[in-house]
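These are the residues of each chain, in order.
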Amino acid sequence: IIQQNSFDIMKGLPSLVLRNRTALIENSLPTEGREIIPYYKENENPPKSFAGVPVAFKDYIIGVLAVDSTVEEAYSNEDLEILKNFSQLITYQLFNSNKLYEYETENWVANVLFDVSKGMNGIQHVDELWDYFTKKIPEIIECNRLSISIKINEKEGQIVRIEGGI
């Protein structure tokens, strides 16, 4: 993982998620070219799969929640749906909304999200939120690395947290 706090928001898969305002799965990444996922050094245990979703409030995109894996074909549409739900939970928590979903207990996804939202109840600070999600998401979606990025301005993003092996 590179040691910088920002990356070019116009390059790479996280930027596609951010600029297009849509979720993305790429399960067969090229092994060369750092710009695919801009926060990795070239040739250092390269990611082979990527999944990312925008984090938005109303119509404003505030960042990207992304996971990647050193295994090809690591992510499915179900994984993407879980990330979308986590994105919504992040948005609610960041903006102190009391509009959390009422989950059905018979549904696995609902149970997972209920458990995650219950664990978020005591979170008071954004740093605690990042700590919680970087521990919880890998328990549910198998990944080698997890990144959370925010939009700084129209041309730059900032990595808030990266967890996982190099």
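Cut-off values and rules
Residues numbered from 1 in each chain as written. Predicted model: local features only at pLDDT ≥ 70, side-chain atom pairs only at ≥ 80, totals over all residues. Heavy atoms only, no water. Buried < 20%, exposed > 50% of the residue type's maximum accessible area, 1.4 Å probe, protein only. Helix = DSSP H or I, 4+ residues; strand = E, 2+ residues; numbered from the N terminus. Pairing = 2+ DSSP bridges. Phe/Tyr/Trp six-rings, centres within 6.5 Å; stacked < 30°, edge-to-face > 60°.

K.L.:
What is the right way to read helix H1 (residues 12-20) from this model?
P.N.:
Each α-helix winds once per 3.6 residues, and so residues spaced three or four apart point in a common direction. Buried within H1 we find Gly12, Leu13, Pro14, Ser15, Val17 and Leu18. Following H1 by one or two positions, Arg21 adopts a phi angle in the positive range, close to 55°.

K.L.:
For this particular structure, what's the right way to read the pairing of strand S5 (residues 145-151)?
P.N.:
Successive residues of a regular strand alternate their side chains across the two faces of the sheet. Judged by how many residues are buried, S5 sits mostly within the fold: 5 of 7 residues are covered. Sheet analysis places strand S4 (residues 60-69) next to S5, joined by 6 bridges and oriented antiparallel. Within S5, the position partnered with Leu65 by the bridge is Ile148. With 7 bridges connecting them, S5 and strand S6 (residues 156-164) associate as antiparallel partners. If you follow Ile148 over to S6, its bridge partner there is Arg161.

K.L.:
I would appreciate a short explanation of the packing of aromatic side chains in the present structure.
P.N.:
Aromatic ring pairs are described here by two measures, namely the spacing of the ring centres and the angle between the planes. This structure, assessed with the given rule, holds 2 aromatic pairs. Each ring, one from Phe86 and one from Phe133, has its centre 5.7 Å from the other, and the planes form 75°; the classification is edge-to-face. With Phe86 in helix H2 (residues 77-94) and Phe133 in helix H4 (residues 126-140), the pair connects residues that are 47 residues apart, well separated along the chain. Given a relative accessible area of 0%, Phe86 falls into the buried group.

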